[in-house]
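One letter stands for each residue in the lines below.
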Amino acid sequence: MKKLLLLAVLTIMVNQVGAQVKYEYPMPEYTPTEGNLQARKEFQDMKFGMFIHWGVYSVLGDGEWVMYQQKIKLDTYKKLPKFFDPEDFDADEWVKIAKAAGMKYITITSRHHDSFSMFDTDATDYDIIDATRFDRDPLKELAEACKKEGIKLNFYYSLLDWARDDYKNGKKGDEEAWGDYVKFMKAQLTELLTNYGEIGCIWFDGHWDRKKANWNYDELYSLIHELSPNTLIANNHHIQPIPGEDIQTFERDLPGENKGGYSAGVEISPLPLESCATMAKTWGFDLNDTKFKTTKQLVHFLVKAAGKNGNLLLNVGPMPNGEIQPEFVSTLKEMGEWATKYGESIYGTRGGVIKTQDWGTITKKENTLYVHVLDAPTEPYIFIPELMEKIKSVSSFDGATKIKFKQVKEGIFLYPASLDDESIDTIFKMEIR
Ligand code: FHN
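So, here's what we can say about the structure.

Scoring rules and cut-offs
- Residues numbered from 1 in each chain as written.
- Predicted model: local features only at pLDDT ≥ 70, side-chain atom pairs only at ≥ 80, totals over all residues.
- Heavy atoms only, no water.
- Helix = DSSP H or I, 4+ residues; strand = E, 2+ residues; numbered from the N terminus.
- Rg over C-alpha atoms; globule rule 2.2 N^0.38 Å.
- Buried < 20%, exposed > 50% of the residue type's maximum accessible area, 1.4 Å probe, protein only.
- Phe/Tyr/Trp six-rings, centres within 6.5 Å; stacked < 30°, edge-to-face > 60°.
- Lys NZ or Arg CZ within 6 Å of the ring centre and 35° of its normal.
- Lys, Arg positive; Asp, Glu negative; His and termini not counted.
- Salt bridge = Lys/Arg side-chain N within 4 Å of Asp/Glu carboxyl O.
- Polar contact = N/O pair within 3.5 Å; in protein donor to acceptor, adjacent residues only side chain to side chain.
- Contact = heavy atoms within 4.5 Å.
- 1 Å grid on protein atoms, 1.4 Å probe; cavity = no way out; pocket = protein on both sides within 12 Å on 5 of 7 lines; lining within 4 Å.
- Points joined across faces, edges and corners; volume = space filled by probe spheres on them.
- Core = buried A, V, L, I, M, F, W, Y, C linked by side-chain atoms within 4.5 Å.
- Pairing = 2+ DSSP bridges.
- Axes fitted to C-alpha atoms, helices over the stretch in contact; angles between N-to-C directions.
- Patch = residues over 30% accessible without salt bridge, like charges linked within 9 Å, V, L, I, M, F, W, Y side chains within 5 Å.
- Areas by Shrake-Rupley, 256 points an atom, 1.4 Å probe, with all protein chains shown as cover.
- Charge placed at Lys NZ, Arg CZ, Asp CG, Glu CD.

Looking only at helices and strands, one finds 13 helices and 15 strands in the chain. At 23 Å, the chain has a C-alpha radius of gyration in line with the 22 Å of a compact globule built from 433 residues. Seen through its C-alpha atoms, the chain measures out along the principal axes to roughly 65 × 65 × 45 Å. A burial count over the chain gives 54% of its 433 residues as buried.

Following this line, the structure appears as structure tokens:
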């Protein structure tokens, strides 16, 4: 009897772990336009973007969750906009940093969970124009700078709100209040999609605050598709993609993994994939956060994401004066130097050729497979399992050195003369027959 009970409990647990979590409310059928499908392809080709978490919270230098974590009362928190005057903000400089890093797009927080709108909005006075002495719209300036430099601009938009009564009451079940909140979001989304030129993506976040609720995505997504059909929709809800979305995101994780703890039961979908990650620990500026990831670690993340057919959206949290902190700038510069040399093996490639191996991964463009050796194996060869393609030749990345190889039915053995342990990524090119 005890054994049976144990078996039943185990079966339930296994089912729950394996079960995909899905949004339960009806969504209209979604057929992406030709332009949208093209935008998805371009998004996949770009591979590397800059995530920017910037808000009045940066004044406190304790991350973007400071209001919640330090239990700061709303009235007290509302004093922050008065101290927020980022006179060193220079949109051109941010775009220059992103571009030099090899990043092709920028996704910036238009409004985070603290409810403060970092753009000129008529839907509330709790925004950068009405509530700060700064009196400039950084999203407008960024949109202009991005346009000049050929960088795509995306907007992060928080669904969750720590300040608004309509959100709070709606969460408690007041349907009228919830209706007001949805109206507010729609007004802001309309502004974001009409006042800043063409926006690459609306990137939602915060769904998990009301896991079982009806978020009215039918209305929100339809509005976006109507206003700007080529704009992609991503939602960092940590569940399976919802009809109407164009990108599947993974937070602090490579696609299909759950090391960060946000993606339990989430499976890879056929949509374009994106992983977002921090350069230290937090997203918003944190004075004490000095656990900086190295250039090598971050390049490995980028390469592994590409190997899994995903993009990397790498975050910076600018300081309250408007500058990106020097530690990030210098790592991004080094990433850019790497991307300038080896970008051919990343941009415009596709992944999913093989499973990630202990030594690294593979990306593919047309007839070329790029073998990325991120951690040199102890054996004097590299074994690539389960490769379907017939290989014609293997060479070093610059093509100058031919690499000996042997293809058997289980896979391919590469025999490079030597492997540099110190190298960030030793790349070999394999030509398909
Ligand atoms: O709570 C947010 C967090 O502040 C940050 O914006 C990240 C970015 O993916 N998303 C949320 C956590 O899921």
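In this structure the tally under the stated criterion is 36 aromatic pairs. Members of the aromatic cluster, joined through ring pairs, are Tyr-23, Tyr-25, Tyr-157, Tyr-167, Trp-178, Tyr-181, Phe-184, Phe-204, Trp-215, Tyr-217 and Tyr-221. We note Lys-140 situated over the ring of Tyr-196; from NZ or CZ to the ring centre the distance is 5.2 Å. Just above the ring of Phe-397 sits the side chain of Lys-429; from NZ or CZ to the centre is 5.5 Å.

Another point: the side chain of Asp-205. Note that Asp-205 resides in strand β4 (residues 201-205). No salt bridge is formed by the buried Asp-205. Its closest oppositely charged neighbour is Arg-252, at 9.8 Å. A polar contact of 3.3 Å, which involves the side chain of Asp-205, links it to the side chain of Trp-208. Residues in contact with Asp-205, not counting those within four places in the same chain, are His-113, Tyr-156, Tyr-157, Ser-158, Leu-159, Leu-160, Asn-235 and Asn-236.

Take the pattern of salt bridges next. Summed over the entire model, instances satisfying the criterion amount to 19 salt bridges. Between Asp-165 and Lys-168 there is a salt bridge whose closest N-O contact spans 3.9 Å. One end of the pair is Asp-165 and the other is Lys-168, both in helix α9 (residues 165-171) and three residues apart, which spans about a single turn. A relative accessible area of 52% means that Asp-165 is categorised as exposed. Note that Glu-344 and Lys-429 form a salt bridge whose closest N and O atoms lie 3.2 Å from each other. Of the two residues, Glu-344 is situated in the loop between α13 (326-342) and β9 (360-365) and Lys-429 in strand β15 (residues 426-432); the sequence distance between them amounts to 85 residues. Glu-344 gets classed as partly exposed once you look at its relative accessible area, which sits at 34%. Given the relative accessible area of 17%, Lys-429 is considered buried.

The next point concerns the layout of surface pockets. The space that makes up the largest pocket amounts to roughly 420 Å³. As for the largest pocket, its lining consists of 15 residues, of which Arg-252, Leu-254, Lys-259, Gln-297 and Phe-301 are closest to the centre. Looking at the lining of the largest pocket element by element, the count peaks at five residues for helix α12 (residues 295-307).

Moving on, we get to empty space enclosed by the protein. Evaluated as defined, the whole model comprises three cavities of 30 Å³ or more. Taken as a whole, the largest cavity holds about 60 Å³ of empty space. Along its surface, the largest cavity is lined by Asn-235, His-237, His-238, Ile-239, Gln-248, Thr-249, Phe-250, Glu-251, Tyr-262, Ser-263 and Val-266. The biggest single contributor to the lining of the largest cavity is strand β6 (residues 248-251), with four residues.

So, on to the nonpolar core. Within soluble globular proteins, side chains that are nonpolar generally end up buried alongside one another. Core analysis: the largest hydrophobic core is formed by 91 residues, its most contacted members being Met-50, Ile-106, Leu-314 and Leu-332. Per element, the largest residue contribution to this core is eight residues, and it comes from helix α10 (residues 175-194). If you look at the next biggest cluster of nonpolar residues, it comprises 18 residues, including Ile-362, Val-373, Val-394 and Ile-403.

Reading across the sheet, the four strands line up as β9-β10-β15-β12 and stay open at both edges, with antiparallel pairing between neighbours. The open sheet has two free edges, formed respectively by β9 and β12 (391-396), since each of these has just one partner strand. Direction aside, neighbouring strands of the sheet carry axes that sit 25° apart on average. Contacting β9 and β10 (368-373), α12 runs over the sheet at an angle of about 60° to β9.

Now for the environment of Asn-36. Turning to its location among the elements, Asn-36 is positioned in helix α2 (residues 34-46). It is 26 Å that separates the C-alpha atoms of Asn-36 and His-112, two residues lying 76 residues apart in sequence. Among residues more than four places away in sequence, those in contact with Asn-36 are Tyr-30, Pro-229, Asn-230, Thr-231, Leu-232 and Asp-246. Polar contacts involving the side chain of Asn-36 include one to the side chain of Tyr-30, which spans 3.1 Å.

It is worth spelling out a negative patch on the surface at this point. A contiguous patch of negative charge on the surface is contributed by Asp-120, Asp-122, Asp-125, Asp-130 and Asp-135. Relative to the helices and strands, Asp-120 is located in the loop between β2 (105-111) and α7 (128-131).

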